[in-house]
Each structure stands twice: as C-alpha cells, then as structure tokens.
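Survey of secondary and tertiary structure
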Amino acid sequence: MSAINLAETAAGLPEAWIAHRLGSVGAGCVQVLRMDESSVQAESHDAAEALLVLDGRLEMEVDGMPVSVRAGELYVVPAGAAHAVRPGSSGTLVIVELPEK
C-alpha cells in the first residue's frame, strides 16, 4: 500500500459526511471524510470510536454535552455514547472504529 494524501482524498469525495474506507489495522477500520457545516443525527456504537480532526473543527454533542475538537486533536467517543454532529463543523476527519456486528 502506498501513502495516502488524506486532505486530497477527503476533498475529492462527492458528499460530505460519507466516510471513505482507507484500510484496516487489525480489526479496526480507518476512514476519512469531509465535514461541512451541516448537522448529523445522533448515533452510538458498541465499541469506542476514535475521531482525529486533521484540519478545521468538529462540533459535537456527546451524551448531551457539547464537545469541540480542533485541528490536530483526537477525541475518543466511549462505547455506547450517543453522539451527534452540531452545525458548524468543517474540514477533514479521520475515523478509526471497529465494524458493527
């Protein structure tokens, strides 16, 4: 596998908030997506999910509490935590998660 330019990959995606699978690390799936200003409905997962903001910012609500993740920051959503994207996010997001069972 060759190196992947994450910013170029995200910028070339046809829609915001649709993750593009880059590969796997063990059982984990590594994905990239392009964020825009829109909100995304709440979801939760059986396993924790790592969110790394490469550029821009991610505005979320996790279990009812506001969370802001800035460029260069990593946030781990705990397993089972309801999390939604609030309006105002933008940039490039890398997600590492386990596949849903």
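Residue positions are given per chain, counting from 1 as you read along its sequence in written order. pLDDT decides what is reported in this predicted model: residues at 70 or higher carry local features, side-chain atom pairs at 80 or more are listed and counted, and totals for whole chains, interfaces and linings draw on all residues regardless. Excluding hydrogens and water, the side-chain figures rest on all heavy atoms present in the structure.

Looking at the overall build of the chain
As a reminder, the rule being used: Each helix corresponds to a stretch of at least 4 residues labelled H or I by DSSP, and each strand to a stretch of at least 2 residues labelled E; elements are numbered beginning at the N terminus. For a compact globule the rule gives 2.2 Å times the number of residues to the power 0.38, and the radius of gyration it is set against comes from C-alpha atoms. Note on exposure labels: buried denotes an accessible area under 20% of the residue type's maximum, exposed denotes more than 50%, and partly exposed covers the range between, all computed with a 1.4 Å probe on protein chains only. Residue contacts follow a heavy-atom distance rule, with two residues in contact if any of their heavy atoms lie within 4.5 Å. Computed with the Shrake-Rupley method and a 1.4 Å probe, the accessible areas treat only the protein chains shown as cover for residues.
Tallying secondary structure elements over the chain gives one helix and eight strands in all. Taken from the N to the C terminus, the helices and strands of the chain come in the order α-β-β-β-β-β-β-β-β. Here the C-alpha atoms of the chain give a radius of gyration of 13 Å, agreeing with the 13 Å that 2.2 N^0.38 yields for 101 residues. In terms of overall dimensions, the chain has a C-alpha envelope of 40 × 30 × 25 Å along the principal axes. Evaluated residue by residue, the chain yields a buried proportion of 37% over its 101 residues. Across the chain, the fraction of contacts at a sequence separation of at least 24, relative to all contacts at a separation of at least 6, is 58%. When the accessible area of the chain is evaluated, it comes to approximately 5800 Å², of which 56% is carbon and sulfur surface.

Some remarks on the pattern of salt bridges
For the record, the criterion: By convention in these notes, a salt bridge is any Lys or Arg side-chain nitrogen within 4 Å of a carboxyl oxygen on Asp or Glu.
Scanning the entire structure with this criterion turns up three salt bridges. Across the pair Arg 57 and Glu 59 runs a salt bridge, and its minimum N-O distance is 3.3 Å. By relative accessible area, Arg 57 is classed as partly exposed at 30%. Note on Glu 59: relative accessible area 9%, which makes it buried. Linked through salt bridges whose partners overlap, the residues forming this network are Arg 57, Glu 59, Arg 70 and Arg 86.

Points about the environment of Ala 19
For Ala 19, the position within the fold is in the loop between helix H1 (6–11) and strand S1 (20–25). Sequence separation between Ala 19 and Leu 51 is 32 residues, and the spatial gap between their C-alpha atoms is 12 Å. Residue contacts for Ala 19: discarding those within four places in its chain leaves Gln 31, Val 32 and Leu 33.

Quick look at the nonpolar core
Operational definition: By convention a nonpolar core is built from buried Ala, Val, Leu, Ile, Met, Phe, Trp, Tyr and Cys residues, the set being connected through side-chain atoms within 4.5 Å.
Counting residues in each nonpolar core, the largest one holds 16 residues, and the members touching the most others are Trp 17, Met 35, Leu 51, Leu 58, Met 60 and Leu 93. Where this core is concerned, the elements lending two or more residues are strand S2 (28–35), strand S4 (49–62), strand S5 (65–70) and strand S8 (90–97). The leading source of residues in this core is S4, at five residues. Once residues within four sequence positions are removed from consideration, Leu 58 is found in contact with Trp 17, Met 35, Leu 51, Val 53, Val 67, Ser 68, Val 69, Val 85, Ser 89 and Leu 93. In terms of nonpolar packing, the next biggest core, distinct from the first, is built from five residues, Ala 10, Leu 22, Val 30 and Val 94 among them.

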